[in-house]
Amino acid sequence: MSEVTTPPSGPTPDNLPATGGAGVPDLTRAQIEGMFEDRLAEAFAALGCFNLAVFGKTGVGKSTLVNAIFGRDVARTGVGSPVTRGLVYYRHPDGFLGVYDSEGFETGTAGDAIVSGLRRLVAEHRTKAVDEQIHAAWYLVRWSDRRFERGQEQFVRELAALGLPVIVVLTQVPNRDGQVHPDALEFAQYIDQLGLPISPHGRVVLTNALPDPFTGSPVFGLQELLDDTYQVIPAAAEAALTAAQVLDIGRKKKAVAAIINQAVVVAAGVGATPIPFADAALLVPNQVTMIARITAAYGLPPSRSRALATAGSLVLTGGATMAGRYAVTSLLKVIPGGAIAGSAISATVAGALTKAVGHAWARVCEYALTMGDADRESFLSSPRVTELFLDFLKQSKSR
Ligand SMILES: Nc1nc2c(ncn2[C@@H]2O[C@H](COP(=O)(O)OP(=O)(O)OP(=O)(O)O)[C@@H](O)[C@H]2O)c(=O)[nH]1
Ligand SMILES: [Mg+2]
């Protein structure tokens, strides 16, 4: 460990050398970029994949519902492969979402074929890794059908018998002023009283996935469907679902807060023996890992990881860049004990710096999430990412 001194003529926060101090080897941008790409790949791999199976007659709204919750029509953007008759598996290019779509599905013979195909599939998957298994099934019923046939009932029972948690969803339900169409309610109650093995609470979830300007029906029920889905899936699939869904940003924030807290603990450990300013690069590997994990937790596309690595390394070229130095010097002024630290980074300062970096990056990711796919692509590969990150970092000083 480097010895801590506070020489009056030594480096002040504003005249630091551009590279690491005597005790720490310099990290070049290329090295950090490489580190970034590795950590991003690891972070995305660690998410695994959430696999959902979606069933229901043609036109019931399967694609629309998936689109509403995952922000993308997986069937259109993913690569499909027929897995069994009537069932196509779409793996989203981002890797953490897979959807089994029963396109144009009707009960009866087609339903039987799907069930026997599924039986084989589920048996095969049982011995495989968690992220290859089917984690939940949604069975969709269009409310306006007002009919729930024996074949549908049978199908739901068979899915459940395969060990799949089945959530039954009533789709395209009209609602006004917070009131659901009474006929839809009655229909839902009819299905409820059939005593089907419906997960997680034995009741149908009522939804409308698209606003209907004619009836004035707003979107509703999606959060409940998502919450129910979280309840039935294995813990190992939760991180991937959190990354994949775009409905509940709160869940993403929570996952990210946990990642930042872990990184803060690690940083405090690094700073337990205070580090001279010039050796702030010691904090970089931990911050790189944190940023990579935050990016993955938000579910930003790993296809842009090269651009992200560039942006990340730009802002993080350790204590050795403007960003790092800016944060160190400015944070010193606002952190309790920071001023006492003088020219060295203590555990407190290392933690606070890492926290500020984490929060600033989280805000960049959240900003990127508000964009459409095309805009996001170009934003993530533009210098805007770096600029915005620095802006947010500066704001953490004033907060
Ligand atoms: N208002 C409203 N319209 C919906 C909703 N869900 C689906 N639709 C409309 O219903 C039609 C069929 O929806 P899809 O999502 O394509 O149905 P699908 O189940 O994927 O159909 P297949 O792929 O043929 O099996 C589309 O025109 C949608 O716009 C909804 O929740 N509300
Ligand atoms: Mg469809």
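For the structure itself, look to the data block above.
Residues numbered from 1 in each chain as written. Chains lettered and ligands numbered in written order. Predicted model: local features only at pLDDT ≥ 70, side-chain atom pairs only at ≥ 80, totals over all residues.

Undergrad: Hey, could you run me through the overall build of the protein chain in this one?
TA: Each helix and strand counted, the protein chain has 15 helices and eleven strands in total. Counting all 399 residues of the protein chain, 47% fall into the buried class. For the protein chain, long-range pairs separated by at least 24 residues make up 74% of all intrachain contacts whose partners lie at least 6 apart in sequence. (Helix = DSSP H or I, 4+ residues; strand = E, 2+ residues; numbered from the N terminus. Buried ≥ 20, exposed ≤ 12 C-beta atoms within 10 Å, placed from the backbone. Contact = placed C-beta atoms within 7 Å.)

Undergrad: Can you help me understand unusual backbone geometry in this one?
TA: In most cases, non-glycine residues show a negative phi, while peptide bonds are predominantly trans. Here Ser-199 and Pro-200 are connected by a cis peptide whose omega angle stands at -10°. Along the chain, Pro-200 falls in the loop between helix 6 (182–192) and strand 9 (205–206). Positive phi, normally seen in glycine, also occurs at Arg-146, with a value near 50°. Examined against the element boundaries, Arg-146 turns out to sit in the loop between strand 5 (136–142) and helix 5 (150–161). Looking at Arg-146, the number of C-beta atoms within 10 Å reads 12, which means it is exposed. Residues other than glycine seldom take positive phi values, yet Asp-177 does so here, at roughly 50°. Along the polypeptide, Asp-177 turns up in the loop between strand 7 (175–176) and strand 8 (179–180).

Undergrad: Explain the packing of helix 1 (residues 29–47) against helix 10 (residues 284–298) to me, please; I cannot follow it from the model alone.
TA: Helix packing geometry: the angle between the two helix axes and the distance between the axes. The geometry of helix 1 relative to helix 10 is characterised by a closest axis approach of 8 Å and an angle of 45° between their N-to-C directions. With respect to helix 10, the element helix 1 is oriented oblique. In the packing of helix 1 onto helix 10, the handedness of the crossing is right-handed. On helix 10, the residues touching Ile-32, Met-35, Phe-36, Arg-39, Leu-40, Ala-43, Phe-44 and Leu-47 of helix 1 are Val-284, Pro-285, Val-288, Thr-289, Ala-292, Arg-293, Thr-295 and Ala-296. (Axes fitted to C-alpha atoms, helices over the stretch in contact; angles between N-to-C directions. Parallel < 35°, antiparallel > 145°, perpendicular 65-115°, else oblique. Left-handed = near helix turned anticlockwise from the far one by under 90°.)

Undergrad: Got a minute to help me understand the packing of helix 9 (residues 249–270) against helix 13 (residues 347–369) in this structure?
TA: Running from N to C, helix 9 and helix 13 cross one another at 155°; their axes reach a closest spacing of 8 Å. Looking at the two axes, helix 9 sits roughly antiparallel to helix 13. Between helix 9 and helix 13 lies a crossing whose hand is right-handed. Contacts from Ile-249, Val-256, Ile-260, Ala-263, Val-264, Ala-267, Ala-268 and Val-270 in helix 9 reach Ala-347, Ala-350, Gly-351, Thr-354, Lys-355, Gly-358, His-359, Ala-362 and Glu-366 in helix 13. Residues belonging to the contact of helix 9 with helix 13 are distributed by class as follows: eleven nonpolar, four polar and two charged. (Nonpolar A, V, L, I, M, F, W, Y, C, P; charged D, E, K, R; others polar.)

Undergrad: Explain the site of ligand 1 here, please?
TA: Close to ligand 1 lie 16 residues, the nearest being Gly-61, Lys-62, Ser-63, Thr-64 and Ala-209. A per-element tally of the shell around ligand 1 places helix 2 (residues 62–70) first, with three residues. By residue class, the composition of the shell around ligand 1 is three nonpolar, ten polar and three charged. (Near = placed C-beta within 6 Å.)

Undergrad: Even after reading the chapter, I still don't get helix 9, so can you show me in this structure?
TA: Note that an α-helix has 3.6 residues per turn; residues three or four places apart therefore point the same way. Between its terminal C-alpha atoms helix 9 stretches 31 Å, which fits the 32 Å expected from 22 residues at 1.5 Å a residue. Those residues of helix 9 that sit buried are Lys-252, Val-256, Ile-259, Ile-260, Ala-263, Val-264 and Ala-267. Within helix 9, the buried residues cover an arc of 150° as seen down the axis, which keeps them to one side. Looking at helix 9, the residues exposed on the side facing more than 90 degrees away from the buried face are Gly-250 and Ala-258. (Expected span 1.5 Å × (residues − 1). Arc of directions from axis to C-beta.)

Undergrad: In this structure, what is going on with the pairing of strand 3 (residues 87–91)? I would like to understand it.
TA: Remark: a regular strand shows side chains that alternate across the two faces of the sheet. The sheet contact formed by strand 3 and strand 4 (residues 97–101) spans four bridges and is antiparallel. Counterpart to Val-88 in the pairing with strand 4 is Asp-101. Linkage of strand 3 to strand 4, two consecutive antiparallel strands, is achieved through a turn of five residues, within which Gly-95 is found at a positive phi near 90°. (Pairing = 2+ DSSP bridges.)

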